There are 2 protein chains.
Amino acid sequence: MNEEMSALARAVRQASFRLAATDSTARSALLTSIAEALVAGKEMVFEANRADVEAAKKDGIAEQLIHRLVFDEHKLQDVVAGLRALAEMPDPIHRMLRDTELADGLRLRQVTCPIGVIGVIFESRPDALVQIAGLCLKSGNAVLLKGGIEALRTNQALYEIIRGETIRTAFPAVDWIGFLKSREEVTEMLRLDDLIDLIIPRGSNAFVKYIMDNTRIPVLGHSSGICHVYLDRTAKPQMAASIAVDAKTQYPAACNAAETLLVHSGASEALICACRALKTAGVHLKADLRAAAILSADGIETASVSEPDYSHEYGGLTMNVHMVDSLDEAIDHINRYGSHHTDCIVTEDAAAAAHFEALVDSAGVYHNCSTRFADGYRYGFGAEVGISTGKIHARGPMGLDGLCSYKFVLSGSGDCVADFASGRRTFTHINRMEQQS
Amino acid sequence: MNEEMSALARAVRQASFRLAATDSTARSALLTSIAEALVAGKEMVFEANRADVEAAKKDGIAEQLIHRLVFDEHKLQDVVAGLRALAEMPDPIHRMLRDTELADGLRLRQVTCPIGVIGVIFESRPDALVQIAGLCLKSGNAVLLKGGIEALRTNQALYEIIRGETIRTAFPAVDWIGFLKSREEVTEMLRLDDLIDLIIPRGSNAFVKYIMDNTRIPVLGHSSGICHVYLDRTAKPQMAASIAVDAKTQYPAACNAAETLLVHSGASEALICACRALKTAGVHLKADLRAAAILSADGIETASVSEPDYSHEYGGLTMNVHMVDSLDEAIDHINRYGSHHTDCIVTEDAAAAAHFEALVDSAGVYHNCSTRFADGYRYGFGAEVGISTGKIHARGPMGLDGLCSYKFVLSGSGDCVADFASGRRTFTHINRMEQQS
């Protein structure tokens, strides 16, 4: 057992109760102060980041990862703008969801509140630290943060600015943010189910699956993103092509990039048009026999696909092509092989789109648009702490709402259940919310 | 591996997709049909129940459990009324939570949907089978039900009526309900995390804890109910007494019964008044030294309390009494030893009540009323499938809302992210919900 880590978690938990009781003004003021302090202290952060980037280059880390690691003036402006936007947003907690008069003088309110203590483990981008800390602070959640080891110096500098502002402004919950440095601390964190309410892991599939399998703390996130584009019988070939290309190639490493193109057997023209465009965009196609025959007749070469390919996330420029004979067969394929993330139907048939939307068991069900739209920013949530493929609590991109729980607050004047059990008093259950609006 | 059990779960999962697509009318019609069929087939159920009760008596099962096992005309009328009420309620699914124009022609809707397949394991009361099945059907969830072995004949008879009506009325998702008979099937069910979305266990603390520790499927419920009544400095003695007696004795075996009476050191009169009333109601008191001294001076005898008692759920007529020197000390005690279920402050001081409500980390935070109100019926939810002490997804009594998730439905006309990334198009994020209301 790591004593230091559990002492930190206990301090953060203790702070979480005070944080939950702060009003919106106090939390927004701190968000604004942090934004200002980041601007004032940017040189310290840039310097730490240069050291991280240099070390990463020395270690031969891939160019793409180094690109994500860089924290420069542009990234700073982004996170500062994000914090200022959060400060302006309405308070997600202390919001009334229900107001019922249970009986004369007995009032039940259902009020949003923070979840409590959230453990977030994130990948190399240091800007994620500021975004996640901002979302947690705005929603009144205390947070334990663990970033990638390659960004340790940058993350530490960012954390110190946030922690420093918390102390300088005498914020009432000083320990609301905790910073973890080692993998051992993560292992210990996963054991602290009495101190931590939720874990949000962001990283590789294997890593997220490891977290999900090794803690009793609820975990929200996704271990894989196996998204589909289905070209229905009435799909417009040009639209099919541009959606398939965007969904596959606009950012192939993203979880919302598509891995499989499903095509109705009556949509050969759309199949050919989409696959030609994908080939042109540099995509390697793995097709089943029927699709391969049609494509080959048109001079489009494909490799052969095997069943395990349908549950594989390529994360790069490879795509499966599979032919189905009906909309229902496409839906069954998606529900069986997909990861319940985001799936799209391309069709001119509104009834088919409605059927697809009703039956596909995914966080995002799309009609005539790219799966790449599945993202908290694009959805207008301001930011996201992660994307959940589960159906318990938040589903899809998780913004401030996903970081909230609620309490039932009941106020009376000595009310006892015995009086209702005996029939001396009766429940009225009058909805006071409806009457207000 | 139990092949029969996994085949059943697969059939129920397959049905869950069709069920999710049914409209409110179809589900409400089936609820009404089941209510009628239960009335028509009641003699079969009563006969099965007589056999269960007789066998239970022969096995020497406690009188209280036999009382819960009985399914008679009165229970039948209750469950039939419950089903009819559910049929009349508004549809909890297909409800729009958000409607945003992301960009010109690109519309995002967040729409409620069922969770999918829910496994419910419940105790001896056979009426619970009908209530839970009704809540699941209304919310479009397929369900795997496992009742207590002592109610097997009654549960089987009730299940057969529900299944029979599903077939007779040609309901489009025939396998929406599955019935488990053995403990082995429960063990197998806990393994099927690819087929089952949520487990709701209802039963003894040890049993619920066993379930929570032995499955990767999300579990909602509570393993213990350690509730508190705190008498603040300004508590009215008479009110303190009646709330303490109701919270402890109105139904001592319930999870929302109180286990510990916390008393401010400046509230001696309330302490004496409450403890005298508790003694009169037959409650055995275990007090700390300071409380014991005051009570003993007034002729009220107590046993001594030890620290482990504070985290023990008696479930019977025993109660801890602990003195604190401040409201914050009471809050710390509750957050430390309680089970985050339901806790009450008795006070005439509105600021103290607000502080308590903000800082106590429980599903129910009450002011001047008994903890026994924590219940789906009393809250006006119609019924409950369980009470959750977790903060992820539903918290407190779980009714229809707790059985729903949501999907993001995005509709466009060929929209691609590349156009936004390049700056050719921009997001508008116009809230169309606000404009409607």
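Above this text is the structure in question.
Residues numbered from 1 in each chain as written. Chains lettered and ligands numbered in written order. Predicted model: local features only at pLDDT ≥ 70, side-chain atom pairs only at ≥ 80, totals over all residues.

Caption draft 1: Spotlight on the environment of Val409(B). Relative to the elements of secondary structure, Val409(B) occurs in strand S16 (residues 404-415). Judged by C-beta crowding, with 22 C-beta atoms within 10 Å, Val409(B) ranks as buried. Between the C-alpha atom of Val409(B) and that of Thr166(B), which follows or precedes it by 243 residues, the distance is 30 Å. Setting aside residues up to four positions removed in sequence, Val409(B) forms contacts with Glu357(A), Val365(A), Arg109(B) and Val111(B). (Helix = DSSP H or I, 4+ residues; strand = E, 2+ residues; numbered from the N terminus. Buried ≥ 20, exposed ≤ 12 C-beta atoms within 10 Å, placed from the backbone. Contact = placed C-beta atoms within 7 Å.)

Caption draft 2: Layout of the relation of the copies chain B and chain A. Its rotation angle being 180 degrees, the transformation that places chain B on chain A also includes 0.0 Å of axial translation and leaves an RMSD of 0.0 Å. Taken together, the rotation and translation describe the operation of a two-fold axis. When C-alpha positions in chain B are compared against the rotation axis, the closest is assigned to His393(B), at 1.9 Å. Here 100% of the interface residues in chain B have copies in chain A that are interface residues too; the copies meet face to matching face. (Least-squares fit on C-alpha atoms with pLDDT ≥ 70 in both.)

Caption draft 3: Quick peek at the interface of chain B and chain A. Facing the 57 residues of chain B at the interface are 57 residues of chain A. Where the side of chain B that touches chain A is concerned, the elements lending two or more residues are helix H1 (3-21), strand S1 (96-103), strand S2 (106-114), helix H10 (237-249), helix H14 (350-359), strand S13 (364-369), S16 and helix H15 (417-421) of chain B. Taken together, the residues of the side of chain B that touches chain A break down into 29 nonpolar, 18 polar and 10 charged. Sheet topology note: the strand S13 (residues 364-369) of chain A/S16(B) ladder contains 5 bridges and is parallel. Note that in S16(B) the partner of Gly364(A) across the bridge is Phe408(B). (Nonpolar A, V, L, I, M, F, W, Y, C, P; charged D, E, K, R; others polar. Pairing = 2+ DSSP bridges.)

Caption draft 4: View of the sheet that holds strand S17 (residues 430-431) of chain B. On the basis of which strands lie adjacent, the open sheet formed by 11 strands has the order S10(A)-S9(A)-S11(A)-S8(A)-S7(A)-S12(A)-S13(A)-S16(B)-S2(B)-S1(B)-S17(B) and mixed pairing. Looking at which strands have only one partner, the edges of the open sheet turn out to be strand S10 (303-304) of chain A together with S17 of chain B. The strands that helix H12 (residues 289-297) of chain A touches are strand S8 (258-264), strand S9 (284-287), S10 and strand S11 (318-324) of chain A; relative to S11(A), the one it contacts most, it runs at about 105 degrees. (Axes fitted to C-alpha atoms, helices over the stretch in contact; angles between N-to-C directions.)

Caption draft 5: Quick look at helix H6 (residues 127-138) of chain B. Residues and elements named next belong to chain B. The end-to-end C-alpha distance of H6, which contains 12 residues, comes to 17 Å, matching closely the 16 Å that a straight helix rising 1.5 Å per residue would cover. Extensive coverage of H6 is indicated by the burial of 11 of its 12 residues. Where the residues of H6 are buried, they touch helix H2 (24-40), helix H5 (73-88), strand S3 (117-121), strand S4 (142-146), helix H7 (152-168) and strand S5 (177-180). Remark: Gly140 follows H6 within two positions and exhibits a positive phi of approximately 75 degrees. (Expected span 1.5 Å × (residues − 1).)

Caption draft 6: Just the pairing of strand S7 (residues 227-231) of chain A, in detail. Residue and element names in this part refer to chain A. S7 sits mainly inside the fold: 5 of its 5 residues count as buried. Bridge count between S7 and S8: 5 bridges; the pairing is parallel. Its bridge partner being in S8, Val229 is matched across the sheet by Leu261. For the crossover from S7 across helix H10 (residues 237-249) to S8, the handedness is right-handed. (Right-handed = clockwise from strand over helix to strand, strands pointing away.)

Caption draft 7: Just the packing of helix H6 (residues 127-138) of chain A against helix H7 (residues 152-168) of chain A, in detail. All names here are of chain A. Where H6 meets H7, the closest approach of the two axes is 9 Å, and the angle between their N-to-C directions is 30 degrees. It follows that H6 is roughly parallel to H7 by the angle criterion. For H6 against H7, the interelement crossing comes out right-handed. Here Leu129, Val130 and Ala133 of H6 come into contact with H7, specifically with Asn155, Leu158, Tyr159 and Ile162. Of the residues contributing to the contact of H6 with H7, the split by class is 6 nonpolar, 1 polar and no charged. (Parallel < 35°, antiparallel > 145°, perpendicular 65-115°, else oblique. Left-handed = near helix turned anticlockwise from the far one by under 90°.)

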